[in-house]
Amino acid sequence: MRKFIVAGNWKMNTTVPEGELLANEIQTKIWHYDRDKFQLIVAPPYTHLATVGQILDSDRVKLGAQNLFWEEKGAYTGEVSAAMLKSIDVEYVIIGHSERRKYFNESDEILLKKVQIALNYNLTPIFCIGEQLEQREANEHFDVIKSQLENVILRLSAEQLSKVIIAYEPVWAIGTGKVATPEQAQEIHHFIRQLISEKFSSNLANDLTILYGGSCKPNNVAGLFEKPDIDGGLIGGASLKADDFLEIFKILIDKKS
Ligand code: PEP
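These numbers were taken from a predicted model, which means no experiment stands behind them.

So, about the sheet that holds strand S8 (residues 232-235). Spatially, eight strands are ordered S1-S2-S3-S4-S5-S6-S7-S8 in a closed barrel, and the strand pairing comes out parallel. For this sheet the average axis-to-axis angle between neighbouring strands, irrespective of direction, equals 30°. Where strand S7 (residues 210-213) meets S8, two bridges bridge the pair, whose relative direction is parallel. Looking at the pairing, Tyr212 lines up with Gly233 of S8. Most of the contacts of helix H12 (residues 242-256) go to strand S2 (residues 38-43), to which it runs at about 155°, and overall it touches strand S1 (4-9), S2 and S8.

Now the structure itself:
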């Protein structure tokens, strides 16, 4: 069954004590909800994961990482492995965020390896795709999305793909305050589901969770979450304020119940 999810990407924000405060506030304010249908996730920086994981009740708020390395272990100074994340009860990992593609030159080839190691360790990848502004303006967004999927996600087996969450994040909407319209996002989400349905099956496509990301705020998510193929949000800036983050989750529950 398709799950509806709000995931918070804290990026490189908050010190550890500040992160603890934020996690405590989320933990204090989060309510009981239908966990078969909905999920709330936070992805703090690596340095915060262990302590934030201890603060959060994993029955209500799951722990995600923002990245991982593609090798099992060894001489890779500064990198963090899937086994390390697993050992502190991380359950999700963001892979292919546009900031990592841009600043760290993460190619589709690298991203496929990351998705595979995550799946091997039972970590759920939140795999991000999205076009740049110039690509949308040149009407290339469908081609970009198709190629990002073909080079990574569509190379997985059906069983592997059934364990992946996809996040459509138009790069021009990330951190810019410029949110995609519900129609623009729905059109791409539908396209993603169609591609997966063609390559695999409509059942698999229907069960997949496809999140929208890009300047989501409590005042703009209702229209997005009303759309049939938008199953929640990957939230950057607004996930740093517990009230805004939880309000977005509340709106999701309201729209999908
Ligand atoms: C993100 O980083 O995934 C994101 C969507 O950021 P923001 O919500 O700040 O645009």
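Now that the structure has been shown, we can carry on.
Looking now at the side chain of Asn9. By secondary structure assignment, the location of Asn9 is in strand S1. In this structure Asn9 comes out as buried when scored by relative accessible area, which is 5%. One polar contact links the side chain of Asn9 to the main-chain amide nitrogen of Lys11, over a distance of 3.0 Å. Here Asn9 is in contact with Ala43, Gln66, Ile94, His97, Leu234, Ile235, Gly236 and Ser239, once residues within four sequence places are set aside.

All right, on to the packing of aromatic side chains then. Under the counting rule described, the total for this entry stands at seven aromatic pairs. Ring plane angle 80° and centroid distance 4.8 Å describe the contact between Tyr33 and Phe249, whose orientation is recorded as edge-to-face. Of this pair, Tyr33 sits in the loop between helix H1 (16-29) and S2 while Phe249 sits in helix H12; the two residues are 216 residues apart in sequence, bridging distant segments of the chain. A residue is classified by how much of its surface remains accessible, and Tyr33, at 12% relative accessible area, is buried. Among the residues examined, Phe249 registers a relative accessible area of 0% and is labelled buried. Through successive ring pairs, a cluster of aromatic residues spans Trp31, Tyr33 and Phe249.

Bringing the site of the ligand into the picture now. With respect to spatial proximity, 14 residues lie near the ligand, and among them Lys11, His97, Glu169, Gly175 and Ser215 are the closest. Gly175 is positioned with one of its backbone polar atoms (N or O) 2.6 Å from an oxygen atom of the ligand. At a separation of 2.8 Å, an oxygen atom of the ligand approaches a polar backbone atom of Gly236. Relative to its unbound accessible surface of 290 Å², the ligand loses 97% to contact with the protein. Tallied by class, the residues present in the shell around the ligand amount to four nonpolar, eight polar and two charged.

Between its first and last C-alpha, helix H5 (residues 108-120) extends 18 Å over 13 residues, near the 18 Å set by a 1.5 Å rise per residue. The complete set of buried residues in H5 reads Asp108, Ile110, Leu111, Leu112, Lys114, Val115, Ile117, Ala118 and Leu119. For H5, the elements touching its buried residues are helix H3 (82-87), strand S4 (92-95), helix H4 (98-103), strand S5 (124-129), helix H7 (141-150) and helix H8 (158-161). Following H5 by one or two positions, Asn122 adopts a phi angle in the positive range, close to 60°.

Moving on, we get to the nonpolar core. Within the largest apolar cluster, 72 residues are counted, with the highest numbers of intra-cluster contacts made by Ile26, Leu40, Ile166 and Ile192. Among residues more than four places away in sequence, those in contact with Ile166 are Phe127, Ile129, Leu149, Ile153, Ile192, Ile196, Leu208, Thr209, Ile210 and Leu211. Residues Tyr92, Ile94, Ile126 and Leu211 belong to the second largest nonpolar core, which totals 12 residues.

A word on the pattern of salt bridges. Under the defined criterion, the tally for this structure stands at 17 salt bridges. The partner of Arg60 in a salt bridge is Asp57, with the nearest N and O atoms 3.7 Å apart. The buried category is assigned to Arg60, whose relative accessible area is 15%. Across the pair Glu159 and Lys163 runs a salt bridge, and its minimum N-O distance is 3.2 Å. The exposure class of Glu159 is exposed, given its relative accessible area of 56%. Ionic contacts of the salt-bridge type, sharing partners, join the residues Arg2, Arg193, Asp229 and Asp231 into one network.

Between H1 and H12, the least distance of the axes is 9 Å, while the angle of their chain directions is 40°. The pairing of H1 with H12 is recorded here as oblique in orientation. In the crossing of H1 with H12, the sense of the turn from one axis to the other is right-handed. Between H1 and H12, the residues in contact are Leu22, Glu25, Ile26 and Lys29 and Ala242, Asp243, Phe245 and Leu246, respectively. A class-by-class count of the residues in the contact of H1 with H12 yields five nonpolar, no polar and three charged.

Rules of the game
- Residues numbered from 1 in each chain as written.
- Predicted model: local features only at pLDDT ≥ 70, side-chain atom pairs only at ≥ 80, totals over all residues.
- Heavy atoms only, no water.
- Pairing = 2+ DSSP bridges.
- Helix = DSSP H or I, 4+ residues; strand = E, 2+ residues; numbered from the N terminus.
- Axes fitted to C-alpha atoms, helices over the stretch in contact; angles between N-to-C directions.
- Contact = heavy atoms within 4.5 Å.
- Buried < 20%, exposed > 50% of the residue type's maximum accessible area, 1.4 Å probe, protein only.
- Polar contact = N/O pair within 3.5 Å; in protein donor to acceptor, adjacent residues only side chain to side chain.
- Phe/Tyr/Trp six-rings, centres within 6.5 Å; stacked < 30°, edge-to-face > 60°.
- Near = heavy atom within 4 Å.
- Areas by Shrake-Rupley, 256 points an atom, 1.4 Å probe, with all protein chains shown as cover.
- Nonpolar A, V, L, I, M, F, W, Y, C, P; charged D, E, K, R; others polar.
- Expected span 1.5 Å × (residues − 1).
- Core = buried A, V, L, I, M, F, W, Y, C linked by side-chain atoms within 4.5 Å.
- Salt bridge = Lys/Arg side-chain N within 4 Å of Asp/Glu carboxyl O.
- Parallel < 35°, antiparallel > 145°, perpendicular 65-115°, else oblique.
- Left-handed = near helix turned anticlockwise from the far one by under 90°.

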